Structure formats: C-alpha cells, structure tokens
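Residues per chain are reported as follows:
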Amino acid sequence: MEGQALFAPPAAALQGPSAPPVSMFDSMPGYEGTVAGGGGGFLPPPMPAFPVPQPEPGPAQPSWNIPSISEDTARAAFVLFASGKCCYNSGPAKDGVITRMDAFNTYRYRLETFTESRSTEWSHEPYRGQPVDAFAQPPPGPWDVPAKAPTFFVEDQQIMKVPYTSSTKPCHVCVGMGRRPCKDCAGAGNKVCWVCNGSGFRHGEDRCHHCSGRGRENCSRCQGKGSMQCDTCHGQQQLLVYINLTVKWTNNSENYVVEQSSGLQAEHLSKVSGKELFRDTQYLVYPLVGFPDPAVVNAAQRLVHDHQGKYSRTSRILQQRQTIELIPVTKVTYSWKGKSHIYFVYGNEFTVNADDYPATCCCTVM
C-alpha cells in the first residue's frame, strides 16, 4: 500500500563468521601448533649442531679504588642544586661551612643476555596474484628460516612469511562473495525516512516529499546497493593464507647494586651513571672472580647461572655482557646557622640529594 514503509530483513544471517575457521589453515609439517591471531607461542630452539663454546675468564681486574671528589666540586654541585629549586633559599648552599666529607664505595653489577626468540601464527591478506607455494616442497623449520643479522644488545624484530606455506582460500567473512550486507540498512538498500519517520506523510494527508511517500529513503552509506565491499578481502573474494614468523631480539638486562651505608636511598642510584671499571663480552660469560666485594661476586654468580638456565629454554642466547660500574657517593656534612646538616653528591653527573635542606619556603602559584 502506498505510504507504508517497507522494512528490511535482518542481515545477521547473511554475514560470515568474524574468526577464520580451523579448516581454512592447511596442516604444515613442523607447524602443527600454529594458530591464527594468538600465535603458536615461543618456539624453543633446536639443540646446537656443534659444541657450544665454553665461557672464558674475563679480562684482568683493574684497581678498584674510588677517587674522592673535592670540596669545591661538592659545593658547586650543591649551589647548582639549590638554584634549580624555586622554593630553596641559596644561603645554605653558598654560605654553609663543610665540616666533613665521607666517600662510599658503591658498585653496580649489570648482566645483559641478548637473545633471539621465534614465534609463528597463521595470517591472511587479500589475494591479488601473489605467489602460491604451499606443498611445492616441505617448509623450512621455524629456526631454519634465515633472518637478518642483528646488532648485539639492540632490541629489534623481523616478521616474514614462511616459505612454502602460502595458499588461496575463499574469504570466510563474505563467503567468497567479495561484498557484505550494509550494516546501516541491514542489506535492504534503503532505510526509514528520517523526515516522516516511515509514515510516508508529514502533516495529515500531505505526502512526504523527501521519500515521495514511500516511508523509506535510499541508504547513503551503500548508495542503495544494500551491500559494501568486504573489508577482509577488499572485494577480491579470495585470501592468501600463510604462516607468519616473528623473530624477536631482546636484551634481557638485570642490575645488582651493593647496599651502602651512607644513608642515601638505593633507588636514587638508578638514575645516574658511574665509572665503568670492568666489561666482559662473550657468547657466554664466565662468573666474576677476584672482585674485592663478595656481595658483587655472589650476585654475579647467581645472575649468570639464572640467565643461562632461564633464557636458553625458550630462546637462543647470542651474546652476554657483564659490567661493573663504580658509582661515587659522597656524604657531605655542613654547618649553617649553628646547626649541622647533610647532603649527598653521587654519580658521574654530581647529582645532589638534600632531604633536610634548612631554608625552604612555600610557593603559591597564582
């Protein structure tokens, strides 16, 4: 009847599944656990074909003495610190009298284990004539696919198609049609007229001029076609399905800072650099020996053992590096207006910590 709105059928039954079915992926030898999207997990490396080189003792140990900073350096760092604080009066830094300076030996041991890990997942893209090579020959194993040469201790990632795994399949989303029902009009090509609200009339018996009394108007999203190009296959109807290999290089770094009795909180030391006293880089490093602080020796032995055991199970260790930094920490005692106070100067940057600075004020931002 003229003026009666025509309602579109639901489009849900016309839409394909959002996730690809399992049958879409071929069974590839060596990749049986690979799934779509979520990946197949990290693949353990194969046993080495050649004997693993054994770690060698590190370079000769240097002298471990700490040079003390001068009183002028300590004062200059304190003045610079106070001048950078809007609420600090510069009087204590400029006029305070240094009465004592105590240097503390503080060491930071760092172990870096540079690893390569590999994972796989099924992937797909619109088929536009790309090479199809599945089953031409068995695909190489995940650890046999050549990757670029990494830069040691620099994290990176490379994603590539596994050779001889590419095949074509009908698009699972549009069921090989190349188009999908329009969501705005549910595939009808038209929808309820917004002017007359589907009645076909505006005032009384006045026919709606916007929809010519139909009660519906052409869908602007699909231009009245009722369907849109499939977003998955981009209208190609077929997908190229293949296995993606992700090669990831990770620098696994762990630090140990020796507890020191200066009173400075250890977390402050993570923000500064020190003087490098020792560096040893090998395929596998040898646990540290001969260092005068037994805490550093014990930490080095524990971390080397942990790293070589933990990372070799899920990845391939390519290189290890261990370093020892000397972080100078100087506790400065000074007198100002008859009272004694302290501050710390630490790191190569001569960073200052003064929690009890005696001349501060409250700042108000207007």
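The rules behind the values
Counting of residues starts from 1 at the beginning of each chain's written sequence and follows it residue by residue. With the structure being a predicted model, the display of local features is reserved for residues of pLDDT at least 70 and the display and counting of side-chain atom pairs for 80 or more, all residues being used for whole-chain, interface and lining totals. Side-chain measures were taken over the full set of non-hydrogen atoms in the model, leaving aside hydrogen atoms and water. Labels follow the DSSP assignment, with helices taken as runs of H or I lasting at least four residues and strands as runs of E lasting at least two, numbered in each case from the N terminus. Exposure classes here rest on a 1.4 Å probe applied to the protein chains alone. A residue is buried below 20% of its type maximum, exposed above 50%, and partly exposed in between. Each accessible area is a Shrake-Rupley estimate made with a 1.4 Å probe; only the visible protein chains count as cover when residues are assessed. As a per-residue measure, pLDDT tells how confident the predictor is, with possible values from 0 to 100. The criterion used for residue contact is that any of the two residues' heavy atoms lie within 4.5 Å. Note on aromatic contacts: the rings of Phe and Tyr and the six-membered ring of Trp form a pair at centre separations within 6.5 Å, being stacked when their planes are under 30 degrees apart, edge-to-face when over 60 apart, and tilted otherwise. Each helix should span, by expectation, one fewer than its residue count multiplied by 1.5 Å. Taking the helix axis as origin, the arc is that swept by the directions to the C-beta atoms. When a carboxyl oxygen of Asp or Glu lies within 4 Å of a side-chain nitrogen of Lys or Arg, that pair is called a salt bridge.

A short note on the overall build of the chain
Each helix and strand in the chain was counted, giving three helices and 15 strands. Expressed as a percentage of its 366 residues, the buried residues of the chain come to 42%. As presented, the chain carries roughly 20,400 Å² of accessible surface, and 52% of it is formed by carbon and sulfur atoms.

Re the confidence of the model for the chain
Mean pLDDT over the chain stands at 87; residues scoring 70 or higher make up 87%. Here strand β1 (residues 42-43) is the element of the chain with the lowest mean pLDDT, 76, and strand β4 (residues 156-161) is the one with the highest, 97. Low pLDDT, under 50, characterises residues 1-14; the stretch is placed with 25 contacts to residues that sit more than four places away or in other chains.

Focus: the packing of aromatic side chains
Tallying each qualifying case throughout the model produces twelve aromatic pairs. Centroid distance F78 to Y334: 5.2 Å. Interplanar angle 65°. Geometry classified as edge-to-face. Taken together, the positions of F78 in helix α1 (residues 71-83) and Y334 in strand β13 (residues 329-336) put the pair 256 residues apart, joining distant regions of the chain. We note that F78, like Y334, is buried. Both rings, one in F114 and one in F153, keep their centres 6.0 Å apart while their planes meet at 55°; by these two values the pair is tilted. Within this pair, whereas F114 is found in strand β3 (residues 107-126), its partner F153 is found in the loop between β3 and β4, the two being separated by 39 residues in sequence.

Topic: α1
When the terminal C-alpha atoms of α1 are compared, their 18 Å separation across 13 residues agrees well with the 18 Å that a helix rising 1.5 Å per residue should span. Buried within α1 we find A74, A77, F78, F81 and A82. When α1 is viewed along its axis, its buried side chains cluster within an angular range of 130° and face the same direction. Facing away from the buried surface of α1 by more than 90 degrees, the exposed residues are D72, L80 and S83. The inward-facing, buried residues of α1 contact α2 (91-95), β2 (97-104), β13, β14 (339-346) and β15 (351-353).

Some points on the pattern of salt bridges
Under the defined criterion, the tally for this structure stands at nine salt bridges. Ionic pairing is found between R321 and E112, a salt bridge with its closest N-O pair at 2.8 Å. In this pair, R321 sits in strand β12 (residues 316-326) while E112 sits in strand β3, placing the two residues 209 residues apart along the sequence. For the pair formed by R321 and E112, the shared burial category is buried. The salt bridge partner of D156 is K148, with a shortest N-O separation of 2.7 Å. Put simply, R108, R110 and E325 are held in one network by salt bridges that share partners.

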